[in-house]
Amino acid sequence: MTEIIEIFRKEAGRCAEKIKKHRSVHVVSHIDADGLTSAGIICTALERGNFDYTTRFVKQLDEKALNTIADENHELVVFTDLGSGMCEHIKSRGINAVISDHHQPQGTLEFHLNPHLFGANGSYELSGSGSTYLLASALGKNRDLSSLAIVGAIGDMQHLKMGQLVGINRIILEEGVKGGDLEFKKDLTLFGKQTRPIYKLLQYSSDPYLPGLTGDEEACINFLHSLNIRFSQDERWRRWIDLEITEKQKIISGLFQYCLKSGIPSYKIERLIGEVYVLLKEREGTEMRDASEFSTLLNATARYDHAEIGLAVCMGDRETAYEDARKLLAEHRQNLVNGLMYVKENGVTQLENIQYFDAGSQIKETIVGIIAGMSSTIVENRNLPIIAFAKAEGGIKVSARGTQDLIRRGVNLSEAMSTVSAEVGGAGGGHDIAAGATIPENAKEEFARKLDFFIGEQLRRKANIG
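Residues numbered from 1 in each chain as written. Predicted model: local features only at pLDDT ≥ 70, side-chain atom pairs only at ≥ 80, totals over all residues. Heavy atoms only, no water.

The name given to the chain in an unreviewed UniProt entry is Recombinase RecJ, with Methanosarcina mazei as the source organism.

Here you go:
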């Protein structure tokens, strides 16, 4: 990895020199947590370097978006967390560009930072924000931005494959630790340790799924009572960060015993404990203190067409932008609950190797993937990937979500979505555990049938090797 990072830094230096030749930069980024942190990193670096810059956030970088960007005739465009799949299209439009991305590259571009080009894997060894952090480090003294790179990596689920951040992500993490910005430790992996009452951590646990607790508020409260975990002085439930170490140990031990009694395999139970990432310069008890909660806060802004609020939070606004982001987060949570209710009431269609639901225009296409991921808590069969369809501008948005168990059995959703969407006249891709596509409006049934067959082939291939 040392060799790879050295080559990467050298290339980052070359891209930085290219940026330094211009005074004005147009930043184009993706609308998820990795995209927002990428934009936050490069815009902070540009601001510190006294560059003029403008920003644009896109759901996907397609021909239409590129035509608009080309027509605006920018001095220099820096693409972050996207662009690698559109190198030839960027060149053909004569856009003067630097790409800082981690998705599978297609075509070539002279100034192109991407882990895949240097022998590292962009789905778990480096995120878009990580690439952009290395670019920002080459632009000036920006090592303190490592925290944002880690938030982006966690938002992109880069830690799930190995149970912790590895590869170049790890090197960035260590730089953050050395600078006093970050801390990593073994802790409960359930979401919401900074801000949620403890019972909510159990109620919303989906990986691992806790039979009898997940989704049942009363059962979670009773479980905590059975362990003699007390309320705070004012009769409210405390948060995980408010507990004594002995109380945390009591809950973890109680959870392990509960899972064993429920017949959950040990490798799933082990996922309850893992590496967590704390941003030391952020106030305790806020979403920004925990990398996982920070990434969710950011998702709640850009997915509702308020990327500028998420960007402002990334760039340090802890007042107006943060309050606005929290309001959007509350709305986001309500929409997720409504979306889950929709899936619960309407059910899923089960094929041999996949299960799917069609949300039509009932669920916003920017959050249907998150709901697909959460649906594993309410569907009967958790051994099949969940595919979600939603109406989108100019077609149908498809989101696919898997589990670590499915990946172990040979499923690669990125490969499946990319291949099958192309067969029906669409386009897609992503990561092995989470991927997306856009397909023509009338292609849904054909797509589902072909995807079912393709994933069946992946499972058979692995079974034959294994």
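Read on for the rest.
Each helix and strand counted, the chain has 18 helices and 13 strands in total. The C-alpha radius of gyration computed for the chain amounts to 22 Å, which stays within 12% of the reference 23 Å derived for 466 residues, consistent with globular compactness. For the C-alpha atoms alone, the extent of the chain along its principal axes is close to 65 × 50 × 40 Å. Here the chain holds 466 residues, and 55% of them are scored as buried. Long-range pairs, those at least 24 residues apart, make up 64% of the contacts in the chain between residues at least 6 apart in sequence. In the form shown here, the chain has an accessible surface area of approximately 20300 Å², with 47% of it arising from carbon and sulfur atoms. (Helix = DSSP H or I, 4+ residues; strand = E, 2+ residues; numbered from the N terminus. Rg over C-alpha atoms; globule rule 2.2 N^0.38 Å. Buried < 20%, exposed > 50% of the residue type's maximum accessible area, 1.4 Å probe, protein only. Contact = heavy atoms within 4.5 Å. Areas by Shrake-Rupley, 256 points an atom, 1.4 Å probe, with all protein chains shown as cover.)

The subject of this paragraph is the UniProt feature "domain: DDH" (unreviewed entry) in the chain. As recorded in UniProt, the sites labelled "domain: DDH" (unreviewed entry) are residues 25–137. Here residues 25–137 runs as 37% helix and 20% strand, with 17 Å between its end C-alpha atoms. (UniProt positions renumbered as here; feature names shortened; annotations may be inferred.)

For strand β7 (residues 273–279), the tally of buried residues reaches six of seven residues, placing the bulk of the element in the interior. As paired strands, strand β6 (residues 182–188) and β7 are joined by seven bridges and run antiparallel to one another. Counterpart to Phe 184 in the pairing with β7 is Tyr 277. (Pairing = 2+ DSSP bridges.)

What follows is about the pattern of salt bridges. Two side chains bearing opposite charge may form a pair once their charged atoms approach each other closely. Tallying each qualifying case throughout the model produces 30 salt bridges. With its nearest N and O atoms 3.7 Å apart, the salt bridge here joins Arg 271 to Asp 405. Taken together, the residues Arg 271 in the loop between α11 (266–269) and β7 and Asp 405 in helix α16 (residues 404–408) connect sequence positions 134 residues apart. The class of Asp 405 is buried, set by a relative accessible area of 13%. The salt bridge partner of Glu 446 is Lys 450, with a shortest N-O separation of 3.4 Å. Residue Glu 446 and its partner Lys 450 are located together in helix α18 (residues 444–465), separated by four residues, close to a single helical turn. Judged by relative accessible area, which is 31%, Glu 446 ranks as partly exposed. Connected through salt bridges with shared partners, the residues Arg 9, Arg 143 and Glu 175 form a single ionic network. (Salt bridge = Lys/Arg side-chain N within 4 Å of Asp/Glu carboxyl O.)

What follows deals with the packing of helix α6 (residues 146–155) against helix α7 (residues 168–178). In contact at an axis separation of 9 Å, α6 and α7 are set at 140° when each is read in the N-to-C sense. By the criterion of interaxial angle, the relationship of α6 to α7 is oblique. Considering only the axes of α6 and α7, their crossing is left-handed. The residues of α7 that touch α6, namely those facing Ser 146, Ala 149, Ile 150 and Ala 153, are Asn 169, Ile 172, Leu 173 and Gly 176. (Axes fitted to C-alpha atoms, helices over the stretch in contact; angles between N-to-C directions. Parallel < 35°, antiparallel > 145°, perpendicular 65-115°, else oblique. Left-handed = near helix turned anticlockwise from the far one by under 90°.)

For the rest of this paragraph, the subject is a nonpolar patch on the surface. There is a patch of nonpolar side chains on the surface, built from Tyr 204, Val 337 and Met 341 and spanning about 240 Å² of accessible area. Inspection of the secondary structure puts Tyr 204 in the loop between α8 (198–203) and α9 (217–226). Overall, Tyr 204 belongs to the partly exposed group, its relative accessible area being 35%. (Patch = residues over 30% accessible without salt bridge, like charges linked within 9 Å, V, L, I, M, F, W, Y side chains within 5 Å.)

Take the packing of aromatic side chains next. The final tally for this structure, using the stated rule, is five aromatic pairs. Considering the side-chain rings of Tyr 199 and Trp 237, the 6.2 Å spacing of their centres and the 65° angle between planes classify their relative orientation as edge-to-face. Within this pair, whereas Tyr 199 is found in helix α8, its partner Trp 237 is found in the loop between α9 and α10 (245–261), the two being separated by 38 residues in sequence. Exposure remark for Trp 237: the relative accessible area of 15% places this residue in the buried category. The interplanar angle of 85° and the centroid separation of 5.6 Å between the aromatic rings of Tyr 356 and Phe 389 together place this pair among those described as edge-to-face. Residue Tyr 356 is located in strand β9 (residues 355–358), and its partner Phe 389 is located in strand β10 (residues 386–392); the two are separated by 33 residues in the primary sequence. Each member of the pair, Tyr 356 together with Phe 389, is buried. Three or more aromatic residues joined by ring pairs make a cluster, and in this case those are Tyr 356, Phe 389 and Phe 447. The ring of Phe 184 has Arg 170 sitting right over it, with the charged end atom 4.7 Å from the ring centre. (Phe/Tyr/Trp six-rings, centres within 6.5 Å; stacked < 30°, edge-to-face > 60°. Lys NZ or Arg CZ within 6 Å of the ring centre and 35° of its normal.)

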